[in-house]
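Chain and residue survey
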Amino acid sequence: MVSLAFSDTSRREVVPFSPIDPANVRMYVCGPTVYDEAHIGNARPVVVFDVLFRLLRAVYGAGHVKYVRNITDIDDKIIDRAAESGESIGHLTARTTIQYHEDMAALGCLSPSVEPRATEHIAQMIAMIERLIAGGHAYAAEGHVLFDVGSFQEYGKLSGRTVDEQIAGARVEVAPYKRSPADFVLWKPSSADQPGWDSPWGRGRPGWHLECSAMSAEHLGESFDIHGGGLDLIFPHHENEIAQSCCTFGAGNPDFRMAQFWMHNGFLTVGGAKMSKSLGNFTTVRALRQKWHGEVIRLALLMTHYAAPLDLSEDRLKEAKSLLDTWHRAWQKREEGVGAKAPAYIAKLEEILGDDLNTTRAVTQLGEFSRFENINYLYWSARLLGFFTSPSPDAWFKWAPPEAEASSDEIEIKKLIDARISARQARNFAEADRIRDELLAQSIVLEDGPGGTTWRRA
């Protein structure tokens, strides 16, 4: 079995990975808050941890890996967006969840093993709060329940900052009912026009941080192998998750760990600035899909190591497209087809990915396979990374973005190719060249060969 080692944020080093139970490897990744279309920064952790999911399945067996990624379908952002648009919360969250699933599938991401929704786990959240209050780690005040940060001595270990440093560097809600400015909300009251559930502290709704602690415990157990997410979630979200879970499930046990590994992907930037909706410099996955195949976007996100910042640009997307074209041409040349999957074909890539999920090296390795036309190694390694989802190289080269379908559909292309063939047979080479140029202007490249004329999209 290939050895695995991953960077653990809490230990600040690359650590050999050994699951708690090799027959039940468990991973949790924070999912979307469904109130708007996903931007490309939201997609980076989904793609990164999809590769990790695929690697774990390859190493331990698909039936021995459980991947949980939640849906946050109750949150103040959702309430505010519904109020602004006049759309019901149920319709808003259903619509944006469908969009999210479509976008992530287009990027070649597998569905998680379980996709729990926050609204379906309110009872588990209330039970956690009751245990925290009983243990002296939380208190009720004016319809709210707050976690007492001072009751957990390990608070700040994940981010490596003291409580005072974290308060100074974060937007902390100041409220008279808090014992300390750092205390965070576990439960908040709901007004008559807001979603709410009955609880011992009145009608209300859960705090965001509590949701992931309750859902991960419900579906993976109190302690599991890997917790993943974006770098921006380290504080306060993951710091607060650790505090809640350790004080609920690990009271009196200094060796308790909510997750054995905490893995975080780096920020996605545009022109060196972090991509965010607040800065207005974001691009949605859906918008990018209007121009680029999902695999192009996926490769652009994997060409840089997951822990490093990634600057997304038009040039990067073009480079990803060019690499994928090269791989597909190598596949296209293999007339006898691809051989059956064998362990040897993906052993090298498993070894590379086992070294802290080094997708940068993995992409380089696929380039070597394509250069020497080791098609079995190329094909099965690319599949492990989530590529080569097209049924054939021809299908890849003939893919068109949605807006191109009306003007450059295959029937029209075929008509023009036939007209060009007729022109050449009549020795009207000027007309043949004009047709070629017309198609090229539509990004359709013609290739003449012994078998006739074929075409692909540039």
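Check the entry above for the structure.
The structure presented is a predicted model; accordingly, all values stated were derived computationally and were not measured.

**Section: the overall build of the chain**
Scanning the chain from terminus to terminus reveals 16 helices and 15 strands. Overall, the chain is about 90 × 55 × 35 Å in size when its C-alpha atoms are taken along their principal axes. Put simply, the chain has 458 residues, and 51% of those count as buried. Pairs at least 24 residues apart make up 75% of the contacts formed inside the chain by residues separated by at least 6 positions. Only carbon and sulfur atoms are counted for the fraction: they give 50% of the accessible area of the chain, which is about 20300 Å². Distance from the positive charge centre (49 side chains) to the negative charge centre (61 side chains) of the chain: 5 Å.

**Here's the deal with the nonpolar core**
Core analysis: the biggest nonpolar cluster contains 72 residues, and Phe6, Phe17, Ile40, Leu52, Leu56, Ile226 and Trp327 have the highest contact counts within it. The element contributing the most residues to this core is helix α1 (residues 40–60), with 13 residues. Those residues within four positions of Trp327 in sequence are excluded, and the remaining contacts are Leu299, Val363, Leu366, Gly367, Ser370, Leu378, Phe387 and Phe388. Among the nonpolar cores identified, the runner-up in size contains 43 residues, and Ile122, Ile242, Met258 and Ala259 belong to it.

**Re the environment of His293**
Relative to the helices and strands, His293 is located in the loop between α8 (285–289) and α9 (294–302). His293 gets classed as buried once you look at its relative accessible area, which sits at 13%. Sequence spacing of His293 and Thr389 is 96 residues, and the spatial spacing of their C-alpha atoms is 11 Å. In this view, His293 contacts Ser390, Trp396 and Trp399; residues no more than four positions away in its chain are not counted.

**Regarding the packing of helix α12 (residues 359–371) against helix α13 (residues 375–384)**
Packed helix pairs are specified by the crossing angle of their axes together with the interaxial distance, meaning the distance between the axes. Where α12 meets α13, the closest approach of the two axes is 8 Å, and the angle between their N-to-C directions is 150 degrees. Considered as vectors, α12 and α13 are oriented roughly antiparallel to each other. Handedness of the α12/α13 crossing: left-handed. Mapping the contact onto sequence places Leu366, Phe369 and Ser370 in α12 and Tyr377, Leu378, Ser381 and Ala382 in α13. Taken together, the residues of the contact of α12 with α13 break down into five nonpolar, two polar and no charged.

**Some thoughts on the side chain of Asn70**
When you line up the elements, Asn70 lands in the loop between β4 (65–69) and α2 (76–85). Looking at Asn70, its side chain comes within polar contact range of the side chain of Tyr28, at 3.2 Å. At 3.2 Å, the side chain of Asn70 forms a polar contact with the side chain of Thr72. What Asn70 contacts, discounting residues up to four positions off in sequence, is Tyr28, Val29, Cys30, Gly31, Pro32, Pro116, Cys212 and Met215.

**So, unusual backbone geometry**
Cis rather than trans, the peptide bond between Phe235 and Pro236 has omega equal to 5 degrees. Looking at where Pro236 falls in the secondary structure, it is placed in helix α7 (residues 234–249). A positive phi angle is found at Asp356, which is not glycine, with a value near 55 degrees. Summarising the element assignment, Asp356 is placed in the loop between α11 (343–354) and α12. Although it is not a glycine, Phe388 adopts a positive phi angle of roughly 60 degrees. Relative to the helices and strands, Phe388 is located in the loop between α13 and α14 (393–397).

Definitions and limits used
Residues numbered from 1 in each chain as written. Predicted model: local features only at pLDDT ≥ 70, side-chain atom pairs only at ≥ 80, totals over all residues. Heavy atoms only, no water. Helix = DSSP H or I, 4+ residues; strand = E, 2+ residues; numbered from the N terminus. Buried < 20%, exposed > 50% of the residue type's maximum accessible area, 1.4 Å probe, protein only. Contact = heavy atoms within 4.5 Å. Areas by Shrake-Rupley, 256 points an atom, 1.4 Å probe, with all protein chains shown as cover. Lys, Arg positive; Asp, Glu negative; His and termini not counted. Charge placed at Lys NZ, Arg CZ, Asp CG, Glu CD. Core = buried A, V, L, I, M, F, W, Y, C linked by side-chain atoms within 4.5 Å. Axes fitted to C-alpha atoms, helices over the stretch in contact; angles between N-to-C directions. Parallel < 35°, antiparallel > 145°, perpendicular 65-115°, else oblique. Left-handed = near helix turned anticlockwise from the far one by under 90°. Nonpolar A, V, L, I, M, F, W, Y, C, P; charged D, E, K, R; others polar. Polar contact = N/O pair within 3.5 Å; in protein donor to acceptor, adjacent residues only side chain to side chain.

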